[in-house]
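Understanding the architecture of this molecule
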Amino acid sequence: MVRKSLIVVLVVALVTMACSFSIGSTTFSIGSTPEPTPEPPPVQPTRTIEPTPTLEPTPEPTEEPAEAPLPTMAMPTESPEEIEVDEPVVDEPEPFFIEEFEDGDGWVYFLMSGDEDDMVLEADSDRLVFDLDGEEIYAYVLYDEYIYTDVGIEAVAENRGVNSNNVSLLCRYSDDEGWYEFNIGSDGLYNILRFDQRRGEYVLLASGGSNSINMGKAVNVYTATCKGKKLTLWINGREIKQIEDASLREGQVGISVSSFDQYPVIVEFDTVEIFQP
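Keep in mind it's a predicted model, so treat the numbers as computed, not measured.

1. Side note on the side chain of Ser-259
- Examined against the element boundaries, Ser-259 turns out to sit in strand β16 (residues 252-259).
- Within the local environment of Ser-259, its side chain forms a polar contact with the backbone oxygen of Gly-134, the two atoms lying 2.7 Å apart.
- Every residue in contact with Ser-259, bar those within four places of it in the chain, is listed here: Leu-132, Gly-134, Glu-135, Glu-136, Ile-137, Tyr-138 and Val-265.

2. Description of the packing of aromatic side chains
- According to the stated counting rule, one finds 13 aromatic pairs in the structure shown.
- Their ring planes at 35° and their centres at 5.6 Å tell us that Phe-110 and Tyr-173 sit as a pair that is tilted. Taken together, the residues Phe-110 in strand β4 (residues 107-113) and Tyr-173 in strand β9 (residues 165-174) connect sequence positions 63 residues apart. The pair formed by Phe-110 and Tyr-173 is uniform in burial state, with each residue classed as buried.
- Between Phe-195 and Tyr-202, the aromatic rings sit 4.8 Å apart at their centres with planes inclined by 65°, giving edge-to-face as the arrangement.
- Each member of the aromatic cluster is reached from another via a ring pair, and the members are Phe-110, Tyr-140, Tyr-173, Trp-179, Phe-195 and Tyr-202.

3. Focus: the pairing of strand β6 (residues 127-132)
- Bridging between strand β5 (residues 119-124) and β6 involves six bridges; their strand directions are antiparallel. Its bridge partner lying in β6, Met-119 is registered against Leu-132.
- Two successive antiparallel strands, β5 and β6, enclose a turn made up of two residues, where Ser-125 displays a positive phi of approximately 55°.
- By the bridge criterion, five bridges tie β6 to strand β17 (residues 265-275) in an arrangement that is antiparallel. Paired with Leu-128 across the strands is Phe-269, a residue of β17.

4. Thoughts on the sheet that holds strand β7 (residues 138-143)
- Spatially, β4-β7-β16-β9-β10-β11-β12 is the arrangement adopted by the seven strands of the open sheet, whose pairing is antiparallel. The outermost strands of the open sheet, each flanked by one partner alone, are β4 and β12 (201-209). Put simply, the sheet's adjacent strands are angled 20° from each other on average, direction ignored.
- Two elements, strand β10 (residues 178-185) and strand β11 (residues 189-196), share seven bridges in a ladder whose sense is antiparallel. Across the sheet, the residue bridging to Asn-183 is Asn-191, located in β11.

5. With respect to a negative patch on the surface
- Together, Glu-100, Glu-102, Asp-103, Asp-105, Glu-122, Asp-124, Asp-126, Asp-144, Glu-145 and Asp-270 line one region of the surface with negative charge.
- Note that Glu-145 resides in the loop between β7 and β8 (151-159).
- Taking the relative accessible area as the measure of exposure, Glu-145 reaches 41% and is therefore partly exposed.

6. Some words on the nonpolar core
- Ranked by internal contacts, the top residues of the largest apolar core, which has 43 residues, are Phe-182, Ile-255 and Phe-269.
- If you tally residues by element for this core, the top one is β17, at five residues.
- If we skip the residues at most four places from it in the chain, Phe-182 touches Val-167, Ser-168, Leu-169, Cys-171, Asn-191, Ile-192, Ala-224, Thr-225, Cys-226, Leu-231, Thr-232 and Leu-233.
- Judged by nonpolar contacts, the second largest core, of seven residues, contains Phe-110, Leu-170, Tyr-173 and Phe-195.

7. Brief notes about the layout of surface pockets
- Put simply, the largest pocket is a space of about 180 Å³.
- Pro-93, Glu-94, Phe-97, Ile-98, Glu-99, Asp-105, Gly-106, Tyr-143 and Glu-145 together form the lining of the largest pocket.
- Among the elements that line the lining of the largest pocket, the one with the most residues is strand β3 (residues 97-99), at three residues.
- Class assignment of the residues belonging to the lining of the largest pocket gives a composition of four nonpolar, one polar and four charged.

8. What to know about the side chain of Asp-245
- By the element assignment, Asp-245 lies in the loop between β15 (238-244) and β16.
- Polar contacts involving the side chain of Asp-245 include one to the side chain of Tyr-180, which spans 2.5 Å.
- Not counting residues up to four positions away in its chain, the partners in contact with Asp-245 are Tyr-180, Arg-194, Leu-205, Lys-229 and Leu-231.

9. Some details on the pairing of β17
- In this structure, β3 lies alongside β17, joined through three bridges in antiparallel fashion. Bridged to Phe-97 within β17 is Ile-274.
- The sheet contact formed by β8 and β17 spans eight bridges and is antiparallel. Residue pairing in the sheet places Ile-153 in a bridge with Ile-274 of β17.

Reading the values: rules and limits
- Residues numbered from 1 in each chain as written.
- Predicted model: local features only at pLDDT ≥ 70, side-chain atom pairs only at ≥ 80, totals over all residues.
- Heavy atoms only, no water.
- Helix = DSSP H or I, 4+ residues; strand = E, 2+ residues; numbered from the N terminus.
- Polar contact = N/O pair within 3.5 Å; in protein donor to acceptor, adjacent residues only side chain to side chain.
- Contact = heavy atoms within 4.5 Å.
- Phe/Tyr/Trp six-rings, centres within 6.5 Å; stacked < 30°, edge-to-face > 60°.
- Buried < 20%, exposed > 50% of the residue type's maximum accessible area, 1.4 Å probe, protein only.
- Pairing = 2+ DSSP bridges.
- Axes fitted to C-alpha atoms, helices over the stretch in contact; angles between N-to-C directions.
- Patch = residues over 30% accessible without salt bridge, like charges linked within 9 Å, V, L, I, M, F, W, Y side chains within 5 Å.
- Areas by Shrake-Rupley, 256 points an atom, 1.4 Å probe, with all protein chains shown as cover.
- Salt bridge = Lys/Arg side-chain N within 4 Å of Asp/Glu carboxyl O.
- Lys, Arg positive; Asp, Glu negative; His and termini not counted.
- Charge placed at Lys NZ, Arg CZ, Asp CG, Glu CD.
- Core = buried A, V, L, I, M, F, W, Y, C linked by side-chain atoms within 4.5 Å.
- 1 Å grid on protein atoms, 1.4 Å probe; cavity = no way out; pocket = protein on both sides within 12 Å on 5 of 7 lines; lining within 4 Å.
- Points joined across faces, edges and corners; volume = space filled by probe spheres on them.
- Nonpolar A, V, L, I, M, F, W, Y, C, P; charged D, E, K, R; others polar.

This is the structure we're talking about:
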């Protein structure tokens, strides 16, 4: 009985083994269509997402940034020495002086009448020489460096030509207005004129004669002052005539020599003094 039971068990076990066996991990069933093993779904490629970097905020400075140091300049410990520079010497024109005509600088001339070719005007041997070799020559010389209001002028003049000429002193000359003119003739006569530039003519203010004039070939000292309205003439230190005229206020000073119908007229000026009256 026990033996039969063992046989039965053994038979059942063999049948079971005959119906199925497995290879590896896949199981096949004999006598039936095997179920297809489902394929695993395709693996999708994965994309790694890089994490977005987090920007850290710039920390606020806790202290003010230090400024760059400025360059320093060493200060001299001693005061610098001053460099002395010689200023150029500029000769200012003198308003009042005695002209001895060493060279004639500062003086200019013009003609009111006559031919310039018949005239020689030169500074010679410390004298200013007028040599007029023609008739009706009116030659004027002005001091061009200064304008005067009240002024006096004195000339030491020697007549070395014919006894027919005028020596003149001028004050308050201007190109626009005219001038005052004191004329002294070698024949003993004189007059005081004002030349009116606007009208282009001489205006007679006074005239006369004087025994104080050294006539002929002689030396005379002629003086004229223009002070305010007063115009005064001196001859050889003697006051000859004083008049008043308010037409002209300021201008240059000068001298003049005139010829008439006889020549040569030669007058030499030794000195001319310009002074304050």
